[in-house]
Amino acid sequence: MFKLGLTGGIATGKSTISNYLISKNIPVLDADKIARLVVEPGTPGLSEIVDYFGDAILQDDHTLNRKALGKIVFSDAQARDKLNAITHPRIQQMMTEQLAQLAKQNTPLVVLDIPLLLENHNVAGADAVMLVTIPKHVQLERLMDRDQLTLTEAENRITAQMPLSEKEKLADYIIDNSGSITDTYKQVDQIIQQILF
């Protein structure tokens, strides 16, 4: 089973590519979706986060207030490290379990959609890394528009991640997502063909 890591900076269009791969019947393990599961109400992950950050990061229904937590961790590296220390091992364990299931089904290719794949030194063990990239000004515009952020908030979130220029040096495949969606899909198709055939 070939494990293709899919990564990119925030708001570069990774989800669009992930959804396209799913539409082509390629299994995608999405670290962001798993991250939501490991902090659902009643989970040890959420309890540990509340113990450290306090009740202010909870909504009235006792679910995680991601916006409130985001404000804290994107302006404080130590808080971000603590959050990652709580969530990453749980995400990794769930992903490992899902990979084992796919391996039993003799799946030829699985995509690991992990935003911080390169920051975490490919702990997921991807066989190759596919990076989605766009120019920084486009990334800023998309992020502000998507998450209703101010310019400063958007810049803080982008600078909290490894620069795309650094990620490009570590990636096996690079998808330029600044053109048309058709052009992006064409790039994805070429990479999948190379891997499978």
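Refer to the structure presented above.
First things first, this report covers the structure right here in the doc. (Residues numbered from 1 in each chain as written. Predicted model: local features only at pLDDT ≥ 70, side-chain atom pairs only at ≥ 80, totals over all residues. Heavy atoms only, no water.)

Turning our attention to the pattern of salt bridges. Should their charged atoms come close, side chains of opposite charge can pair. Within this structure, the stated rule accounts for 7 salt bridges. Among the ionic pairs, R90 bridges to E48, the shortest N-O distance being 3.2 Å. Taken together, the residues span a long stretch of sequence, with R90 in helix α5 (residues 77-104) and E48 in helix α3 (residues 44-53) at a distance of 42 residues. A relative accessible area of 31% means that E48 is categorised as partly exposed. (Salt bridge = Lys/Arg side-chain N within 4 Å of Asp/Glu carboxyl O. Helix = DSSP H or I, 4+ residues; strand = E, 2+ residues; numbered from the N terminus. Buried < 20%, exposed > 50% of the residue type's maximum accessible area, 1.4 Å probe, protein only.)

This paragraph deals with the sheet that holds strand β4 (residues 128-133). Strand order in this open sheet of 5 strands is β2-β3-β1-β4-β5, and the pairing throughout is parallel. Looking at strand neighbours, the two that pair on one side only are β2 (28-30) and β5 (173-176), the edges of this open sheet. Strand-to-strand, the axes of this sheet are offset by a mean angle of 20°, without reference to chain direction. Across the sheet, α5 is in contact with β1 (2-8), β2 and β3 (109-113); its angle to β2 comes to roughly 170°. Where helix α9 (residues 181-196) meets the sheet, its contacts fall on β1, β3, β4 and β5, and the angle it forms with β5 comes to roughly 165°. (Pairing = 2+ DSSP bridges. Axes fitted to C-alpha atoms, helices over the stretch in contact; angles between N-to-C directions. Contact = heavy atoms within 4.5 Å.)

Quick look at the packing of aromatic side chains now. Taken as a whole and judged by the stated rule, the model has 2 aromatic pairs. Consider the rings of Y20 and Y185, whose centres lie 3.9 Å apart with planes at 10°: the pair is stacked. Taken together, the residues Y20 in helix α1 (residues 14-23) and Y185 in helix α9 connect sequence positions 165 residues apart. Accessibility expressed as a relative area gives 24% for Y185, which makes it partly exposed. (Phe/Tyr/Trp six-rings, centres within 6.5 Å; stacked < 30°, edge-to-face > 60°.)

Glycine aside, the phi torsion of most residues is negative, and most peptide linkages are trans. For A11, which is not glycine, the phi torsion reads 65° and is therefore positive. Within the element layout of this structure, A11 appears in the loop between β1 and α1. Given a relative accessible area of 11%, A11 falls into the buried group. Within the chain, H62 stands out as a residue other than glycine whose phi angle is a positive 70°. Tracing the backbone through its elements, the reader meets H62 in the loop between α3 and α4 (66-73). For H62, a relative accessible area of 54% corresponds to the exposed category.

Quick look at the side chain of T184 now. Secondary-structure assignment places T184 in helix α9. Non-local contacts of T184, meaning those with residues more than four positions away in its chain, are made with I17, I175, D176 and N177.

This next bit is on α3. Within α3, the full set of buried residues consists of G45, L46, I49, V50 and F53. Taken down its axis, α3 places every buried residue within 130° of arc, on the same side. Seen from the buried face of α3, the exposed residues on the opposite side, beyond 90 degrees, are P44 and D51. The inward-facing, buried residues of α3 abut α4 and α5. Just downstream of α3 lies G54, where phi reads positive at about 90°. (Arc of directions from axis to C-beta.)

All of the buried residues along α1 are K14, I17, S18, Y20 and L21. Viewed end-on, α1 has its buried residues packed into an arc of 160°, placing them on one side of the element. On its buried side, α1 packs onto β1, β2, β3, β4, β5 and α9. Once α1 ends, the next one or two residues include N25, with phi positive near 65°.

What follows is about the nonpolar core. Core analysis: the biggest nonpolar cluster contains 33 residues, and I49, F53, L69 and L112 have the highest contact counts within it. Elements supplying a minimum of two residues to this core: α2 (31-37), α3, α4, α5, β3 and β4. Top contributing element to this core by residue count: α5, with 7 residues. Core analysis: the second largest hydrophobic core is formed by 18 residues, L4, A128, I175 and I191 among them. (Core = buried A, V, L, I, M, F, W, Y, C linked by side-chain atoms within 4.5 Å.)

These values are about where atoms sit, not about what they do.
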